[in-house]
Amino acid sequence: MRLSPDAITSLLTSLFPSGMIDDLAREREVVVRERKLDIRVFVWTLIVGFAVGGEARSIAGYRRTYNAATGQNLFASSFYDRFTMQLEQFLRDLLDHAVEEVAAPHNLAPAFEQFRDVVVADATVVRLHRFLSAFPATHPNVSGLKLYLVHSVTTQSVIARAITDERTHESTLFKTGSWMRGRLFLLDLGFFKYHRFARIDENGGFFVSRLKRSANPEIVRELREWRGRAIPLEGKNVFDVLGDLCREHIDVEVEVSFQRREYNETRSWDSKRFRVVGVRDEDADDGYRLYITNLPSGKFNPEDISTLYRARWVVELLFRELKSQYGLGRFQTEKEHIVRIQVTAALLTLVVSRAILRLFVDHAEELGDDCVFPTERWATTFRSYAQQVLSEIVVSFDYDPNLPNTWYQEARQPAPSRQTLLEEVNTALYAGFTS
């Protein structure tokens with residue numbers, strides 16, 4: 001059974017129905033009255049055009065992509081005027097809608113199935129034009145934004161996001177609350193904070209984090225018995241005993257102290273017990289890979305926790321895909337709202353790409369084909385055919401693009417009175433001969 005030739009177009013136009021785009025554009029005042037620009041094609045140009053190539057990430061490049069797809073000849077000024085702060089909010093609304101629509105559980109190992117969701121939080125820095133003062137960086141004479149994502153491993157979708165300047169620490173963007181119940185959070189050292197771990201635990205969530213060396217908590221109980229003359233660990237600090245151990249695993253309970261948030265102008269101290277596990281690794285600085293967690297020892301041994309934590313790498317791959325495949329950060333602008341528009345467009349591109357990938361995965365499962373689709377290989381494939389995807393979507397809107405005419409309109413000199421170099425030389429020479 002083969003996929004229908006219009007399967008991709010049908011999927012994407014159902015993801016963003018034309019009526020929804022029109023209504024939302026008017027609600028956000030992106031479209032006030034009917035004009036030559038088709039807001040539906042404009043949206044798809046921003047989404048799919050972001051994947052087409054580096055040149056399309058400038059407004060001029062988007063305009064050329066739009067003109068080529070529709071056969072129209074929109075002037076630069078009328079196209080540029082569409083890039084407003086209202087457009088930024090409009091695209092954010094579309095992204096919220098798309099994330100909700102494409103979220104679908106993937107087939108995961110049984111270890112993950114007992115959680116409501118498996119979540120990774122992280123951030124990446126994107127370098128910008130040096131004079132973009134709205135995004136101050138940590139170093140002088142440069143600017144940079146920080147893209148923060150909370151990514152679901154289970155549904156392969158973005159749960160939360162934020163765009164800030166580089167100086168904002170990502171841990172301040174991580175909000176705790178009742179939404180954490182039943183979720184497993186895989187956190188790197190940038191989010192290491194005992195108070196944060198306590199809040200996850202108190203809200204019914206679970207976490208695994210690398211153990212920060214400066215923390216060095218005290219061991220209050222061993223959770224595994226060792227044969228022979230094993231070194232007792234109770235009452236000692238984790239990093240102080242590592243050099244004396246030869247065991248393959250460490251599995252202990254520790255007690256940590258931390259300050260609660262300020263209440264009535266005072267901050268009280270509190271303590272909590274968590275679990276620290278270690279897996280022998282000769283390449284690690286201390287001979288062990290150490291993790292702190294609240295996962296129960298009866299269900300997850302140290303090797304299980306170390307393996308679970310590897311799933312955190314999916315967000316690193318996500319950032320690498322955005323930067324290497326879709327050129328996140330190669331922005332030709334000094335305006336803050338246009339930067340935000342393009343970052344949101346990049347995330348929309350990613351969501352659309354994943355929606356199409358899900359179509360192929362489902363099709364392979366129906367066929368009983370056990371093939372796999374590596375995400376970075378898929379991103380390369382999607383980018384290669386993005387222009388064709390855009391063309392098919394636009395044709396479904398009853399446009400009949402005329403490529404030779406588009407080239408003719410784009411390539412000719414917009415100001416007829418302006419001369420080319422050779423015309424200037426000829427004019428000067430002719431004037432000299434006749435004088």
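All values reported here derive from a predicted model rather than from experimental measurement.

Caption draft 1: Main features of the environment of Glu-392. Turning to its location among the elements, Glu-392 is positioned in helix H14 (residues 386-396). Taking the C-alpha atoms as reference points, Glu-392 and His-97, 295 residues apart in sequence, are found 22 Å from one another. Contacts of Glu-392, omitting those with residues within four sequence positions, involve Pro-5 and Thr-9.

Caption draft 2: Fine view of the environment of Gly-190. With respect to the secondary-structure elements, Gly-190 resides in the loop between strand S4 (183-187) and helix H8 (194-202). On the basis of relative accessible area, Gly-190 is assigned to the partly exposed category, the value being 24%. If we ignore the near neighbours within four places in the chain, the residues touching Gly-190 are His-169 and Ser-171.

Caption draft 3: Local environment of the pattern of salt bridges. Per the counting criterion, the structure on display carries 27 salt bridges. Arg-213 is the partner of Asp-286 in a salt bridge, and the nearest nitrogen-oxygen pair spans 2.7 Å. With Asp-286 in the loop between strand S8 (269-280) and strand S9 (288-293) and Arg-213 in the loop between strand S5 (206-210) and strand S6 (218-222), this pair connects stretches of sequence that are 73 residues apart. For Glu-282, the salt bridge is made with Arg-280, and the minimal N-O distance between the two is 3.3 Å. Relative accessible area serves as the criterion here: at 61%, Glu-282 is assigned to the exposed category. Through salt bridges that share partners, Arg-199, Asp-201, Glu-202, Arg-260, Asp-270 and Lys-272 make up one connected network.

Caption draft 4: Representation of the sheet that holds S8. With respect to topology, nine strands assemble into an open sheet ordered S3-S2-S1-S4-S5-S9-S8-S7-S6, the strand pairing being mixed. Because the sheet does not close on itself, it has two edges, and the strands there are strand S3 (157-165) and S6. Each adjacent strand pair in this sheet contributes to an overall mean axis angle of 25°, direction not counted. With eleven bridges connecting them, strand S7 (residues 249-259) and S8 associate as antiparallel partners. Among the inter-strand pairings, His-249 is bridged to a residue of S8, identified as Val-279.

Caption draft 5: Spatial organisation of the environment of Val-142. Here Val-142 shows up in the loop between strand S1 (117-128) and strand S2 (143-152). The spatial distance from the C-alpha of Val-142 to the C-alpha of His-129 is 7.4 Å, given a sequence separation of 13 residues. Ignoring any residue separated from it by four or fewer positions in sequence, one finds Val-142 in contact with Arg-130 and Ala-137.

Caption draft 6: Structural view of helix H2 (residues 18-27). All of the buried residues along H2 are Ile-21, Leu-24 and Ala-25. The buried residues of H2 occupy an angular sector of 105° when projected down its axis, which confines them to one face. With respect to the buried face of H2, the exposed residues turned more than 90 degrees away are Asp-23 and Glu-27. The inward-facing, buried residues of H2 abut helix H3 (39-52) and helix H6 (85-102). Immediately beyond the C-terminal end of H2, within one or two residues, lies Glu-29, with a positive phi of roughly 60°.

Caption draft 7: Quick peek at the packing of H2 against H6. Contact pair H2 / H6: the axes reach a minimum separation of 10 Å and the direction vectors enclose 140°. In terms of axis orientation, H2 runs oblique to H6. Like other packed secondary-structure pairs, H2 and H6 cross with a definite hand, here right-handed. Across the interface between the two elements, Met-20, Ile-21, Leu-24 and Ala-25 from H2 touch Phe-90, Asp-93, Leu-94 and His-97 from H6. By residue class, the composition of the contact of H2 with H6 is six nonpolar, one polar and one charged.

Caption draft 8: Highlighting the packing of aromatic side chains. All told, the structure shown has 21 aromatic pairs when counted by the stated rule. With a centroid separation of 4.5 Å and an interplanar angle of 5°, the aromatic rings of Phe-197 and Phe-207 are classed as stacked. Of the two residues, Phe-197 sits in helix H8 while Phe-207 sits in strand S5, which places them ten residues apart along the sequence. Exposure class is identical for Phe-197 and Phe-207. Each is buried. Feature note: the residues Phe-42, Tyr-62, Tyr-66, Phe-79 and Phe-83 constitute an aromatic cluster, connected by ring pairs. The positively charged end of Arg-40 is found above the aromatic ring belonging to Phe-397, 4.1 Å away from the centroid.

Caption draft 9: Structural view of helix H12 (residues 336-367). Given a rise of 1.5 Å per residue, 32 residues ought to cover 46 Å, and the 47 Å separating the end C-alpha atoms of H12 matches this to within 8%. The buried fraction of H12 amounts to 25 of the 32 residues, a majority that puts the element mostly inside the structure. A positive backbone phi angle near 75° is found at Gly-368, which sits one or two residues after H12.

Caption draft 10: Fine view of the confidence of the model for the protein chain. Counting all residues, the mean pLDDT for the protein chain is 86, and 90% of those residues have values of 70 or more. Within the protein chain, S5 carries the highest mean pLDDT (97), whereas helix H15 (residues 403-411) carries the lowest (63).

Caption draft 11: Molecular detail of the side chain of Asp-165. Within the secondary structure, Asp-165 is located in strand S3. No salt bridge is formed by the buried Asp-165. Its closest oppositely charged neighbour is Arg-167, at 5.6 Å. A polar contact is formed between the side chain of Asp-165 and the backbone nitrogen of Thr-168, at a distance of 3.2 Å. Apart from the residues within four sequence positions on either side, Asp-165 is in contact with Ala-134, Phe-135, Pro-136, Gly-144, Leu-145 and Lys-146.

Quick notes on the rules
Residues numbered from 1 in each chain as written. Predicted model: local features only at pLDDT ≥ 70, side-chain atom pairs only at ≥ 80, totals over all residues. Heavy atoms only, no water. Helix = DSSP H or I, 4+ residues; strand = E, 2+ residues; numbered from the N terminus. Contact = heavy atoms within 4.5 Å. Buried < 20%, exposed > 50% of the residue type's maximum accessible area, 1.4 Å probe, protein only. Salt bridge = Lys/Arg side-chain N within 4 Å of Asp/Glu carboxyl O. Pairing = 2+ DSSP bridges. Axes fitted to C-alpha atoms, helices over the stretch in contact; angles between N-to-C directions. Arc of directions from axis to C-beta. Parallel < 35°, antiparallel > 145°, perpendicular 65-115°, else oblique. Left-handed = near helix turned anticlockwise from the far one by under 90°. Nonpolar A, V, L, I, M, F, W, Y, C, P; charged D, E, K, R; others polar. Phe/Tyr/Trp six-rings, centres within 6.5 Å; stacked < 30°, edge-to-face > 60°. Lys NZ or Arg CZ within 6 Å of the ring centre and 35° of its normal. Expected span 1.5 Å × (residues − 1). pLDDT = per-residue confidence, 0-100. Lys, Arg positive; Asp, Glu negative; His and termini not counted. Polar contact = N/O pair within 3.5 Å; in protein donor to acceptor, adjacent residues only side chain to side chain.

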